Amino acid sequence: MKHRENEEQQESEDADAGGRWQADQVLETETDVTCPYCGETVSISLDPGGGMAQEYVEDCQVCCRPWQVHVYYARGGAVEVTVEASAE
Ligand SMILES: [Zn+2]
């Protein structure tokens, strides 16, 4: 067993690089987004098995208009989701 006495002396650059890193690798499977059409906040399901970066169309559960959904999983399990109105 190695002792890890130096751990606290490391620079904490990672903590500032983009939010906290979770120790566990649980990937988010649901997130809240704001509909670009009706402005409602809607929970959508995510599929981590679909890849680290995904793009697809999903209909708003409130107004039924199509979103262009972009999903990006960061290392550590954090997910970033953006939705935008499709061209027409
Ligand atoms: Zn909507």
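Here we summarise the structure given alongside this text. Just so it is clear, the structure is predicted and the values come from calculations on it, not from any experiment.

This part covers the pairing of strand β5 (residues 79-85). For strand β4 (residues 66-73) and β5, the ladder comprises 7 bridges, and the chain directions are antiparallel. Of the residues in β5, the one forming a bridge with V69 is V83. Remark: 5 residues form the turn of the hairpin made by β4 and β5, two consecutive strands paired antiparallel; G76 in that turn has positive phi of roughly 105 degrees.

What follows covers the pairing of strand β1 (residues 30-34). Across the 5 residues that make up β1, only a small minority, 0, are buried. Pairing of β1 with strand β2 (residues 41-45), which is carried by 5 bridges, proceeds in the antiparallel orientation. From the neighbouring strand, T31 faces β2, where its bridge partner is I44. Once β1 ends, the chain turns through 6 residues before running back antiparallel as β2, passing G39 with a positive phi of about 80 degrees.

Rules and cut-offs
Residues numbered from 1 in each chain as written. Predicted model: local features only at pLDDT ≥ 70, side-chain atom pairs only at ≥ 80, totals over all residues. Pairing = 2+ DSSP bridges. Helix = DSSP H or I, 4+ residues; strand = E, 2+ residues; numbered from the N terminus. Buried ≥ 20, exposed ≤ 12 C-beta atoms within 10 Å, placed from the backbone.

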